[in-house]
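Each chain is listed here by its residues.
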Amino acid sequence: MLRQLTKQLCRVADLGKATIRRTISTTNSLRNEKSQEEEKSIIVDKDKNITMIGINRPQHRNAINAQTAAKLCDAFRDFEADETSPIAVLYGVGGSFCSGFDILEMATNDEGKVSMEMLMMPEGSVGPTRRHIQKPVVCGINGYCVANGLELALMCDLRIMEESAVLGFFNRRFGVPVIDGGTVRLPAMIGFARALDLILTGRQVGAEEAHAIGLVNRIVPTGNSLIKALEMAHALAKFPQSALNHDRNSLYSSVFDAANFQQAIQNEIMYTSRDIIDQMKDGIKWFNQTFKEDNCESWLKREKSMADWDDEQVAEAAAKIEAEKQAQDRARIETEKKLKEEKEKKKAEKKKKPEEKPQESEIPPKE
């Protein structure tokens, strides 16, 4: 009896140890998966000379926690320091661009006390939203671009939005304020009254309305935001960058720095550097070599195609669209021609058919 009891106790102890080992193994596995997930939360890649920065937390609809925000700031600093890359593209991996700050990580304990350190990070709670990026950034918006994620999109210079994407300050319903530059950038882009509408109501904004009020620059089919953002980035990268950045900085200065018109004009002149003058001389030299000098209207007649400025993929896409349009036009003309021929044929047959005379009545007339 004692031996049986001892054996049963040993079995229970062994089962307990095995369960503990499995629990520890599972916990370590989950920790490792989470650690690997956080390591890849920001993806940085290159497409030729374009820097691609991707937010990679699709299981959280690309909500950004403190660690991801720090990595995003590092990615933009590296881009600004990279002299070989003139333009960056910011996008979201998976079905959404960014759903704002990860609210689940805003509480420091079970009582739900908000960590002010996370909200008051020097560069911004979801990335470098509280400073001016030194080079142009194009943003590809898909899925949800809401709350602080919308402020992250406003940080970019140009926004390409998919037709099914959704914008909005959804943080309004949770009592989270707009603290990543949204109250500064939005009224400058769409006007004070419209900015008040979007920020105070926190309502949803679709692609058509966003484009109509100037919140986004292009609307593209669902699934095409990244490729179209890359196409625009490549097109911008082919221009002389010193002059492009001069004009960009002057625009930002006139909106955010200048106290009056005269100061804005002065800033525009002061931003002109020796490098810009040299590039302008090169541009004038190229112009004179490219166009005829004996005709004052020769600049209207290019000897080279304007497609030289565009990326090959853009030219191919445009040619494909044009070919499809021409095919549709040919099919329409052919259909109209057939309908016309059938109509004329029916008219001809109707004319050839003899008119039937009415039959005389067989009933004899009354006397």
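These numbers were taken from a predicted model, which means no experiment stands behind them. (Residues numbered from 1 in each chain as written. Predicted model: local features only at pLDDT ≥ 70, side-chain atom pairs only at ≥ 80, totals over all residues. Heavy atoms only, no water.)

Here we look at the packing of aromatic side chains
Within this structure, the stated rule accounts for one aromatic pair. Between Tyr252 and Phe256, the aromatic rings sit 6.3 Å apart at their centres with planes inclined by 20°, giving stacked as the arrangement. One end of the pair, Tyr252, and the other, Phe256, are both in helix H9 (residues 241-256), four residues apart, so they sit about a helical turn from each other. The ring of Phe79 carries Lys135 above its face, with NZ or CZ at 4.5 Å from the centroid. Between the NZ or CZ atom of Arg173 and the centre of the ring of Phe170, over which it lies, the distance is 4.5 Å. (Phe/Tyr/Trp six-rings, centres within 6.5 Å; stacked < 30°, edge-to-face > 60°. Helix = DSSP H or I, 4+ residues; strand = E, 2+ residues; numbered from the N terminus. Lys NZ or Arg CZ within 6 Å of the ring centre and 35° of its normal.)

With respect to the environment of Cys156
Structurally, Cys156 can be placed in the loop between helix H4 (148-155) and strand S6 (158-162). The spacing of Cys156 and Lys135 is 21 residues in sequence and 9.8 Å in space, taken between C-alpha atoms. Discounting chain neighbours no more than four positions away, the residues touching Cys156 are Leu90, Val137 and Cys139. (Contact = heavy atoms within 4.5 Å.)

A few points about the nonpolar core
In terms of nonpolar packing, the biggest core is built from 43 residues, with Leu90, Ile141 and Leu167 touching the most fellow members. Those elements that provide at least two residues to this core are strand S2 (50-55), helix H2 (66-81), strand S3 (87-92), strand S4 (137-141), H4, helix H5 (182-190), helix H6 (192-201) and helix H7 (207-212). Setting aside anything within four residues of it in sequence, one finds Leu90 in contact with Ile53, Ile55, Leu72, Phe76, Phe97, Val137, Val138, Cys139, Gly140, Leu152 and Cys156. Membership of the second largest hydrophobic core comes to 14 residues, among which are Tyr91, Val220, Ala233 and Leu236. (Core = buried A, V, L, I, M, F, W, Y, C linked by side-chain atoms within 4.5 Å. Buried < 20%, exposed > 50% of the residue type's maximum accessible area, 1.4 Å probe, protein only.)

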